[in-house]
Amino acid sequence: MTPASGDAYITLLGRSTWALVNAYHAVLREKGLRPERVSIVTEEPYAQEASTAAEAIGIVSEGYGFVPAIGVEILPEADFVRAGQTIRSLAQDLIRQGFCVAIDITSGRKVTVAGALIAVSLAGLDIRHIYYLAMQNTDDVAKPYMMIPHQVQRIRDIMEDAGARE
């Protein structure tokens, strides 16, 4: 087996499918990422939206000329420890396969985001990017990325931002 040399993208799905899809679109457009693999991690109450999110990620990706493998992981609700273990394990496997891993926390619920970030930090994993689509306000943002005024949204890379301040 030849090791991978591309990108992998782990995205956390919470209450807003639009937030997940728009953050992904922003990462493709603004940061130039073209992941070979996309993993959607969500909690049981939001699992029904995971297939919609996966379909939307496929459509957006095709618009940029590529087709990633898309998988879904479903977690129990509000299980901080399990969220951390699952995301750490997923990231470790991807890194072991040679992927550069990005995590998008935009749509994730606090318990999942905290579990994920603490677990990957404690494990010392080389997470290349942690993305967050910052919005000046959340009025009228449940629509496609390109329909939201650019000046009210900004894709942030927490890893980049942290490195810029060192």
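All of these numbers come straight from a predicted model, not from anything done at the bench.

1. Details of the overall build of the protein chain
Looking only at helices and strands, the protein chain features five helices and six strands. Order of helices (α) and strands (β) in the protein chain, N terminus to C terminus: β-α-β-α-β-α-β-α-β-β-α. A compact globule built from 166 residues would reach a C-alpha radius of gyration of about 15 Å, and the protein chain, at 15 Å, matches this within 12%. Along the first, second and third principal axes, the C-alpha atoms of the protein chain reach 40 × 35 × 35 Å. Across the 166 residues of the protein chain, 45% fall into the buried class.

2. Observations concerning the packing of helix H3 (residues 80-96) against helix H4 (residues 110-122)
In contact at an axis separation of 7 Å, H3 and H4 are set at 50° when each is read in the N-to-C sense. By the angle class used here, H3 and H4 are oblique. In this structure, H3 crosses over H4, and the sense of that crossing is right-handed. Between H3 and H4, the residues in contact are Phe80, Ala83, Gly84, Ile87, Arg88 and Ala91 and Val111, Thr112, Ala114, Gly115, Ala116, Ile118, Ala119 and Val120, respectively. A breakdown of the residues in the contact of H3 with H4 according to their chemical character gives 10 nonpolar, three polar and one charged.

3. As for unusual backbone geometry
With a phi close to 55°, alanine 78 is a non-glycine residue in the positive phi region. Mapped onto the elements, alanine 78 comes out in the loop between strand E3 (69-75) and H3. Residue class for alanine 78 comes out partly exposed when judged on its relative accessible area of 47%.

4. Some remarks on the pairing of strand E5 (residues 127-135)
One face of the sheet, then the other: side chains in a regular strand alternate in exactly this way. Direction of pairing for strand E4 (residues 100-104) relative to E5: parallel, over a ladder of four bridges. Bridge assignment links alanine 102 to a residue of E5, and that residue is histidine 129. Following the chain from E4 across H4 to the adjacent parallel E5, one finds a crossover that is right-handed. Here E5 runs beside strand E6 (residues 153-157); their pairing, made up of five bridges, is antiparallel. The partner of tyrosine 132 across the bridge, within E6, is arginine 156.

5. Details of the environment of alanine 102
Counting through the fold element by element, alanine 102 comes out in strand E4. For the pair alanine 102 and glutamate 44, spaced 58 residues apart in the sequence, the C-alpha separation amounts to 23 Å. Ignoring sequence-local partners within four residues, the contact set of alanine 102 consists of Ala8, Tyr9, Ile10, Leu33, His129 and Tyr131.

Scoring rules and cut-offs
Note that residues are indexed from 1 along each chain, following the sequence as it is written. Thresholds applied to this predicted model are a pLDDT of at least 70 for local features of residues and 80 or more for the giving and counting of side-chain atom pairs; totals over whole chains, interfaces and linings are not thresholded and use all residues. To obtain the side-chain values, all non-hydrogen atoms of the structure were used and water was disregarded. Each helix is a run of H or I in the DSSP string that is no shorter than four residues. Each strand is a run of E no shorter than two, and both are numbered from the N terminus. Each radius of gyration reported is based on C-alpha atoms, and the globular scaling rule is 2.2 Å times the count of residues to the power 0.38. For each residue, the accessible area found with a 1.4 Å probe, counting protein chains only, is set against the maximum for its type, and the residue is called buried under 20%, exposed over 50%, and partly exposed in between. Axes here refer to lines fitted to C-alpha atoms; in helices the fit is confined to the stretch in contact. Angles between the N-to-C directions go from 0 to 180 degrees. These descriptions rest on fixed angle ranges, namely under 35 degrees for roughly parallel, over 145 for roughly antiparallel, 65 to 115 for roughly perpendicular, and the rest for oblique. By definition, any crossing whose near helix is turned counterclockwise from its far helix by less than a right angle is left-handed, and any crossing with a clockwise turn is right-handed. Note on definitions: a residue-residue contact is assigned when non-hydrogen atoms from the two residues lie within 4.5 Å. In this classification, Asp, Glu, Lys and Arg are treated as charged, Ala, Val, Leu, Ile, Met, Phe, Trp, Tyr, Cys and Pro as nonpolar, and every other residue, Gly included, as polar. For two strands to pair, DSSP has to find at least two bridges joining them. Here the term right-handed applies to a crossover when the path leading from its first strand over the helix to its second strand runs clockwise, the strands being oriented away from the viewer.

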